[in-house]
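Here is what each chain is made of, one letter per residue.
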Amino acid sequence: YVQRTVRVLILVFLISALGFRIGADAITQARDAWRRNDAESVVRHAKRALWVTALPKDRATAHFWFGVGEYRLGNLASAEDHERRAIALQPNHAPPYVTLGAILDASGRRREAWAPAQRAIELDPTYAWAQNLIGMLMLEDGHAAGAVPYFARAMALDSGENIFTENHQEAIRQSSNR
């Protein structure tokens, strides 16, 4: 009986370790697909990660990427659901708040979008996408001059993202036209 129990525990451990590795690989593949602008693959890999991950932090990351993919595909209700799940599992992690804010804005709920955007900044002021989201919300609300420093911070934090530079230039253009 003891040998059987030990064998079962070893098998459970090995399956868990394999699931962890597969989940981590799936999350990495989701992130890589996002970089290639392949939203369908982001969703596919995030879904696979959800099948095999058990730890709340890993599940939160999988839900985050699932939501990002769904957002890019225009499936805003599903995207919002996944971002809210990510936040519930890991409430002190900024990225899902940024995506949730963008989803709310895209859903025509800009007033609601401000709360997750501000929460993301509170959690991680060095997260460039949080700075960019605040800038976008300000720009869309007609406060181009106020958006400029947020885009400038986003560019300083992550100079590899062209969208931050494009948004910064647009905010400067709009503020000079007033």
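Calculation criteria
Residues numbered from 1 in each chain as written. Predicted model: local features only at pLDDT ≥ 70, side-chain atom pairs only at ≥ 80, totals over all residues. Heavy atoms only, no water. Axes fitted to C-alpha atoms, helices over the stretch in contact; angles between N-to-C directions. Helix = DSSP H or I, 4+ residues; strand = E, 2+ residues; numbered from the N terminus. Parallel < 35°, antiparallel > 145°, perpendicular 65-115°, else oblique. Left-handed = near helix turned anticlockwise from the far one by under 90°. Contact = heavy atoms within 4.5 Å. Nonpolar A, V, L, I, M, F, W, Y, C, P; charged D, E, K, R; others polar. Salt bridge = Lys/Arg side-chain N within 4 Å of Asp/Glu carboxyl O. Buried < 20%, exposed > 50% of the residue type's maximum accessible area, 1.4 Å probe, protein only. Polar contact = N/O pair within 3.5 Å; in protein donor to acceptor, adjacent residues only side chain to side chain.

Asks: Outline the packing of helix α3 (residues 56-73) against helix α5 (residues 94-106), listing residues and values.
Replies: At a closest axis distance of 10 Å, the pairing of α3 and α5 adopts a crossing angle of 25°. By the angle between their directions, the pair α3 and α5 is classed as roughly parallel. Viewed along their axes, α3 and α5 form a crossing whose handedness is left-handed. Along the contact surface, α3 presents F64, V68 and Y71, while α5 presents P95, P96, T99, A102, I103 and A106. Classifying every residue of the contact of α3 with α5 by side-chain character gives eight nonpolar, one polar and no charged.

Asks: Before we move on, can you summarise the packing of helix α2 (residues 39-52) against α3 with the specific residues and values?
Replies: Each pair of packed helices can be summarised by the angle the axes make with each other and by the distance between the axes. Relative orientation of the contacting elements α2 and α3 amounts to 155°, with a least axis distance of 8 Å. The orientation of α2 with respect to α3, classified from their angle, is roughly antiparallel. As for how α2 packs across α3, the hand of that crossing is left-handed. Across the interface between the two elements, A39, E40, V42, V43, A46, K47, A49 and L50 from α2 touch R59, A62, H63, W65, F66, G69, E70, R72 and L73 from α3. Tallied by class, residues from the contact of α2 with α3 come to 10 nonpolar, two polar and five charged.

Asks: Provide a residue-level description of the pattern of salt bridges, including the pertinent values.
Replies: According to the stated counting rule, one finds 11 salt bridges in the structure shown. For R109, the salt bridge goes to E80, with nearest N and O atoms at 3.0 Å. Placement of R109 in the loop between α5 and α6 (110-123) and of E80 in helix α4 (residues 76-89) is noted, with a sequence separation of 29 residues between them. For E80, a relative accessible area of 13% translates into the label buried. Taken together, the shared-partner salt bridges in this structure form one network comprising E80, R84, R109 and E112.

Asks: Can you tell me about unusual backbone geometry, naming the residues and giving the values?
Replies: One non-glycine residue, N37, lies in the positive phi region at around 65°. Summarising the element assignment, N37 is placed in the loop between α1 (2-35) and α2.

Asks: Could you give me a rundown of the side chain of H168, with the residues and numbers involved?
Replies: Considering the arrangement of structural elements, one finds H168 in helix α9 (residues 162-176). Aside from chain neighbours lying at most four places away, what touches H168 is V148, F151, A152 and M155.

Asks: Tell me about the side chain of D105, and name the residues and values.
Replies: In this fold, D105 is placed in helix α5. Ignoring any residue separated from it by four or fewer positions in sequence, one finds D105 in contact with R110, A113, L137 and E140.

Asks: Break down the environment of S175 for me, citing the residues and quoting the values.
Replies: With respect to the helices and strands, the residue S175 is situated in helix α9. Accessibility expressed as a relative area gives 27% for S175, which makes it partly exposed. Beyond its immediate sequence surroundings of up to four residues, S175 is in contact with A144, A145 and V148. Here I172 takes part through its backbone oxygen, which lies 3.0 Å from a polar atom of the side chain of S175.

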